[in-house]
Amino acid sequence: DELLLNILPAPIAEELKANGKAQPKQFRDATVFFSDFVNFTRISEQLRPEDLVKLLDECFQAFDRIIGQYPDIEKIKTIGDAYMCASGLNDRKGIPTSVVKAGLEMQEWLAEQAERRRQIGLPFFEARIGLHTGPVVAGVVGVRKFAYDVWGDTVNTASRVESESAPGRVNVSETTYRLIQYQFNCEYRGKVQAKNKGFLDMYYVISEK
């Protein structure tokens, strides 16, 4: 049970135990979060493999602790140096406040870690973070080493929003901004060209109001 709950949302784990499979579900208002470390390849060349993995693990453990404070955020996976999570993967309609707050906290933690490592002459990570809100399909695929994942154009757009972020910033799409504008101070960036998406209105989240 503990292992299942460590890798799957509780309702999915229960469904798998009861039926041996879990039906995919559609969620209309999920907020998908991506982070990615800047200059990862260059930094990886400066570190021994074991030191690189140790640094990655330290960062991802911190990210896990941060999102662990928010019951409505589900970690999806890490892909190399990228971290993916989402909120809104339930039947309750919610505002993506938690996942935006988590993004700001992650950037704050990375800045503090960077300062510590800079003082002793060690390389450090800076991250781009991007979020987008929209419909997704979520479920479990495969039989061996199965994993909970989300699919849809919302996921692709969130990835593009992350790619167009700057180091140390939390970048959100127009859709996400409209849901959080009364909770957070944001800076309009104008229309930003995103790969395969044309021009998208984007906003940097500055702080919580």
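See the structure above.
Residues numbered from 1 in each chain as written. Predicted model: local features only at pLDDT ≥ 70, side-chain atom pairs only at ≥ 80, totals over all residues. Heavy atoms only, no water.

1. Let's talk about the pairing of strand S6 (residues 170–173)
Neither face of S6 is exposed, since Val170 and Val172 on one face and Asn171 and Ser173 on the opposite face are all buried. As judged from the three bridges shared by strand S4 (residues 127–141) and S6, these two strands associate in the parallel manner. Bridged to Ile129 within S6 is Val170. As judged from the four bridges shared by S6 and strand S8 (residues 198–208), these two strands associate in the antiparallel manner. (Buried < 20%, exposed > 50% of the residue type's maximum accessible area, 1.4 Å probe, protein only. Helix = DSSP H or I, 4+ residues; strand = E, 2+ residues; numbered from the N terminus. Pairing = 2+ DSSP bridges.)

2. Things to note about the nonpolar core
Ranked by internal contacts, the top residues of the largest apolar core, which has 35 residues, are Phe33, Phe37, Tyr83, Met106, Phe125 and Leu131. Excluding residues that lie within four positions of it along the chain, Leu131 makes contacts with Thr31, Val32, Phe33, Val99, Val100, Val161, Val170, Asn171, Val172, Ser173 and Thr176. Core analysis: the second largest hydrophobic core is formed by 21 residues, Phe27, Phe34, Met84 and Ala138 among them. (Core = buried A, V, L, I, M, F, W, Y, C linked by side-chain atoms within 4.5 Å. Contact = heavy atoms within 4.5 Å.)

3. Side note on helix H5 (residues 97–119)
Taking 1.5 Å per residue as the helical rise, H5 with its 23 residues ought to reach 33 Å, and the 34 Å between its terminal C-alpha atoms agrees with that figure. Taken from the residues just after H5, Gly121 is the one with a positive phi, measuring 75°. (Expected span 1.5 Å × (residues − 1).)

4. Things to note about the packing of helix H4 (residues 49–67) against H5
Contact geometry for H4 and H5: axes closest at 10 Å, N-to-C directions at 145°. For the element pair H4 and H5, the recorded crossing hand is right-handed. Here Leu55, Glu58, Cys59, Ala62, Phe63, Arg65, Ile66 and Ile67 of H4 come into contact with H5, specifically with Ala102, Glu105, Met106, Trp109, Leu110, Gln113, Arg116 and Arg117. When grouped by side-chain class, the residues that make up the contact of H4 with H5 number 10 nonpolar, one polar and five charged. (Axes fitted to C-alpha atoms, helices over the stretch in contact; angles between N-to-C directions. Left-handed = near helix turned anticlockwise from the far one by under 90°. Nonpolar A, V, L, I, M, F, W, Y, C, P; charged D, E, K, R; others polar.)

5. With respect to the side chain of Ser165
Mapped onto the fold, Ser165 is located in the loop between helix H6 (153–163) and S6. Of note is the side chain of Ser165, whose polar atom sits 3.2 Å from the backbone oxygen of Ile129. Setting aside chain neighbours within four positions, we find Ser165 in contact with Arg128, Ile129, Val170, Asn171, Arg189 and Tyr204. (Polar contact = N/O pair within 3.5 Å; in protein donor to acceptor, adjacent residues only side chain to side chain.)

Purely spatial values, then, with no claim about function.
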